[in-house]
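Structure assessment
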Amino acid sequence: MNNKMELTHQIDNYVDFEKELAGDEESSVVFRLTYIEDEKRFYGSIINNRDDTEIEISDVSENTARFLIGEDAFKALKNS
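Summarised in this report is the structure supplied together with it. (Residues numbered from 1 in each chain as written. Predicted model: local features only at pLDDT ≥ 70, side-chain atom pairs only at ≥ 80, totals over all residues. Heavy atoms only, no water.)

Some thoughts on the environment of leucine 7
Applied cut-off: By definition, any uninterrupted DSSP run of H or I lasting at least four residues is a helix, any uninterrupted run of E lasting at least two residues is a strand, and each is numbered from the N terminus. Exposure categories follow from relative accessible area, calculated using a 1.4 Å probe and restricted to protein chains: below 20% of the type maximum is buried, above 50% is exposed, and the middle band is partly exposed. For this analysis, residues touch if any pair of their heavy atoms sits within 4.5 Å.
With respect to the element layout, leucine 7 can be found in strand E1 (residues 6-11). In this structure leucine 7 comes out as partly exposed when scored by relative accessible area, which is 48%. With 50 residues separating them in the primary sequence, leucine 7 and isoleucine 57 have C-alpha atoms 19 Å apart. With sequence-adjacent residues up to four places away left out, leucine 7 is seen in contact with Val15, Asp16 and Phe17.

Below, the structure is given as structure tokens:
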């Protein structure tokens, strides 16, 4: 079973990875990890689609990001 996050968007200087944490057909809770290429940093968001709320995690460490997206995806981002 693959628990790594999936690449979902790559627009301009932003790269998003997402993983659904819980949910059903009507609503879900998703964790989004965003890499900002210009700033060489990660931040996260927890999104509840049922009530359209979002909680931002201002700084996600590189070690945590590497664990969440996998070594290959992490190296590709850092080498771009």
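Focus on the nonpolar core
What counts is decided by this rule: We define a nonpolar core as any set of buried Ala, Val, Leu, Ile, Met, Phe, Trp, Tyr and Cys residues linked to one another through side-chain atoms lying within 4.5 Å.
Counting residues in hydrophobic clusters, the biggest one holds 12 residues: Met5, Val15, Phe17, Phe31, Leu33, Tyr35, Phe42, Val60, Ala65, Ile69, Phe74 and Leu77. Of all elements in the fold, only strand E2 (14-23), strand E3 (28-36), helix H1 (62-69) and helix H2 (71-78) reach the threshold of two or more residues within this core. Tallying contributions element by element places E3 first for this core, with 3 residues. Contact partners of isoleucine 69, with chain neighbours within four places excluded, come to Lys4, Met5, Phe17, Leu33, Phe74 and Leu77.

Examining the pairing of strand E5 (residues 53-60)
This is how the line gets drawn: A pair of strands is considered paired only if DSSP assigns at least 2 bridges between the two.
Strand direction decides the pairing type here: strand E4 (residues 41-48) and E5, joined by 6 bridges, are antiparallel. Looking at the pairing, isoleucine 47 lines up with glutamate 54 of E5. With antiparallel pairing between neighbouring strands as the criterion, E4 and E5 make up a hairpin whose turn holds 4 residues, including aspartate 52 at a positive phi of roughly 55°.

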